[in-house]
Amino acid sequence: MTLIHPATSPKLLIGASMVIGVVLMGVIGPLCWDTTLARVGTSPLNLPPAWMMGGDRAHPFGTESNGRDILAVVITGAPRSLRVGLIAAGVGMLTGILLGCTAGLFGGWVDNLIRTVTDAVLTIPSLAILIVISAYVRTVEIDTMALILSLFAWPAPTRLIRAQVLTLRERGYIRMARLSGASSLAIILTEMIPNMLPYLASSLTGNISGAILAATSLEALGLGPTRIPTLGMTIFYAIRSSAIIRGMWWWWGFPILVLIVIFTGLFLIAIGLDEIANPRLRQAVTSDK
Amino acid sequence: MRPLPTGYLIRRVLMFVLTVWLGATMMFIIPRLAPGDPVAAMVSRMAAQSGYVENSAELIESWRKKFGLDQPVPVQYLRYLGNLATFNLGYSLTQFPVQVRDLIAQSLPWTVGLLSVATLLSFLLGNGIGALLGWQRTPSLVRRLLPVTLTFTSIPFFMLAILLIYVFAFGLKLFPVSGGYGRDVEAGLTWGFISSVVYHGTLPALAIVITSMGFWALGMRGMMITTAGEDYLILADAKGLRPGRVFWRYAVRNAMLPQVTGLALSLGGIVGGSTLVEYLFAYPGMGYLLYQGIVNQDYTLIQGICFILIVATALAVLVIDLVYPLLDPRITYHR
């Protein structure tokens, strides 16, 4: 398969730089800004951003009604969101590779079982079950939450990988490898996985943003980790304190802005990767008849 | 039109049962895997809220009995499944004599109404946009302008909902901030009530339509590009059929089919996302009821709603699966 060099896909580049920007903010931010201000009662209440009437330079993005500094909340919250997404999607992807390859290679009843369960789990509205779980298990750590989220991050990769294995299995070079006595495991690792990489990467990015969305949704319902401020929890407090109709847009606006940058970045990466995996999509965009 | 083969029908119904069973089982098992006793945790939370709970040990004991937690786990599980199968969802913990079933019955029509309208609109709009984007003969001006409509594609429903409330309800005061209908109208099949429902439902529906139609548009664009190379399109062109006919009857009709399957697969996500939209708009549907359950720690209510959400989604998927063979006569009924 001829790959288009990733550096030539503008979508991929823009998306990647958006995500890297958020990562950098999380890494460099704590060096330049006092992140202890993200705790309750460390700042004056309800200040608007510095450039508005009544704003304070000491709190450039303003503060909210519990005395948190919004800039500090954003700096500490953003990396946590990415972390949840990475862990959940990573675990989901590994499970997906395992199940997808098993189903595709063994076929028969194993394939039937895996395919049926995968389709069933895909249909379940995952948020409903996650809400029930988190309503019972109230004291969650971020990593525990990521693991719970990974319960729903495996069906999509499983489905994709199974389909890929089924098509690849009949290709000449895979038959060649099998004829020359390579073991199934070796064929998967050295022949199949490298050929699926763009699909895998695109599916992983999709899953990362799915997991971040689920985590943020739970937090916005007040069901996330309660001790450490996350972006979703900030949105929850903003909604509960009617920040929207009090006109305190900075309270929910900045966390949402960061999340939108993350989601849009991941989305652009995913389409960029799709176009690399399937060059036909790309042609149609560039050719203008 | 051929009737559906019995085998296919049975497989789809079994799939429905499996989905609902898996969902219910996950809701049963996972909370029990967590360390700690849910009832004791519930009482200690009550204590934390009200300062002191009298006879907490006896309270824990009586609640355990009431919820059947003194029974062995397999017995609990069978009883749980039996109750769900008969839609016996128990009593609401916070509004005690009221049954969870009745609370849900009041809010279900709101959710079903909002979601079916929003999903249908976004499906049609998205596929229309995608079809035009993927069609070589679309005027290039249109093709340049259309991607603007996809700006919000990657944004979650509820974030756009917050923005919409802020801009159109708080800022411009064009639409109501919350609720399902005005306080001044009587519920009933009157023109005033219906227009009030539509007026209140516009923003929540917009939040769902704008954010989800891009997903359909992207998929449709891909499918249209793939169909563009097919022989039957070249033949249709060579026969001198009108371009409109080629577009609708040959290209779109074939490209749509995988999108219908996609609809079945993504319904779960749409249902989940819309619960947050309802909660933001205080829309009187399941999502808002669910939020009230969460705030009041009404576990039977939370569990009941989530179960119904799972059943409703699985049912919608079943319907799509059964309609699909009618749309695509070529289907062989073997996946």
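Residues numbered from 1 in each chain as written. Chains lettered and ligands numbered in written order. Predicted model: local features only at pLDDT ≥ 70, side-chain atom pairs only at ≥ 80, totals over all residues. Heavy atoms only, no water.

A. How the structure looks around the nonpolar core. Judged by nonpolar contacts, the single largest core of 141 residues is most densely connected at A:Ile131, A:Leu149, B:Ile162 and B:Phe307. If you tally residues by element for this core, the top one is helix H12 (residues 299-327) of chain B, at 15 residues. Residue-level mapping places this core at the junction of two domains, with at least three residues from each of domain 1 (1-94 + 299-335) and domain 2 (100-295) of chain B. When residues no more than four places from it in sequence are discounted, the contact partners of B:Ile162 are A:Ile235, A:Ile239, A:Ile244, A:Trp252, A:Ile256 and B:Leu280. (Core = buried A, V, L, I, M, F, W, Y, C linked by side-chain atoms within 4.5 Å. Buried < 20%, exposed > 50% of the residue type's maximum accessible area, 1.4 Å probe, protein only. Helix = DSSP H or I, 4+ residues; strand = E, 2+ residues; numbered from the N terminus. Domains from an automatic or database assignment. Contact = heavy atoms within 4.5 Å.)

B. Empty space enclosed by the protein, seen in detail. Summed over all chains, the structure comprises 2 cavities of 30 Å³ or more. Roughly 40 Å³ of volume is contained in the largest cavity. Around the largest cavity, the lining residues are A:Leu130, A:Ile133, A:Ser134, A:Val140, A:Met145, A:Ile148, A:Leu149 and A:Leu218. Taken together, the elements giving at least two residues each to the lining of the largest cavity come down to helix H4 (126-136) and helix H5 (142-150) of chain A. Of the residues contributing to the lining of the largest cavity, the split by class is 7 nonpolar, 1 polar and no charged. Size it by volume and the second largest cavity reaches roughly 30 Å³. Lining the second largest cavity are B:Thr94, B:Gln95, B:Gln292, B:Gly293, B:Asn296, B:Asp298 and B:Leu301. By residue class, the composition of the lining of the second largest cavity is 1 nonpolar, 5 polar and 1 charged. (1 Å grid on protein atoms, 1.4 Å probe; cavity = no way out; pocket = protein on both sides within 12 Å on 5 of 7 lines; lining within 4 Å. Points joined across faces, edges and corners; volume = space filled by probe spheres on them. Nonpolar A, V, L, I, M, F, W, Y, C, P; charged D, E, K, R; others polar.)

C. Fine view of a nonpolar patch on the surface. A surface patch of nonpolar side chains, about 560 Å² in accessible area, is lined by A:Ile20, A:Val23, A:Leu24, A:Val27, A:Ile28 and A:Leu31. Structurally, A:Val27 can be placed in helix H1 (residues 10-32). (Patch = residues over 30% accessible without salt bridge, like charges linked within 9 Å, V, L, I, M, F, W, Y side chains within 5 Å. Areas by Shrake-Rupley, 256 points an atom, 1.4 Å probe, with all protein chains shown as cover. Salt bridge = Lys/Arg side-chain N within 4 Å of Asp/Glu carboxyl O.)

D. Structural context of the domain arrangement of chain B. Residue and element names in this part refer to chain B. In terms of domains, chain B is made up of domain 1 (1-94 + 299-335) and domain 2 (100-295). Taken together, the contact between domain 1 and domain 2 spans 23 residues of the former and 21 residues of the latter. Between domain 1 and domain 2, a total of about 1800 Å² is buried, with carbon and sulfur atoms accounting for 81% of that surface. Considering only the surface of domain 1 that becomes buried against domain 2, Leu301, Ile305 and Ile320 emerge as the three largest contributors, covering 28% of it. Taken together, the connections running from domain 1 to domain 2 amount to 0 salt bridges. Classifying every residue of the side of domain 1 that touches domain 2 gives 14 nonpolar, 7 polar and 2 charged. (Buried area = accessible area lost by both parts, 1.4 Å probe.)

E. Inspection of the side chain of A:Thr216 at higher detail. Among the secondary structure elements, A:Thr216 is positioned in helix H8 (residues 184-220). Judged by relative accessible area, which is 1%, A:Thr216 ranks as buried. Filtering out sequence-adjacent residues up to four positions away, A:Thr216 remains in contact with A:Gly232, A:Leu259, B:Phe158 and B:Met159.

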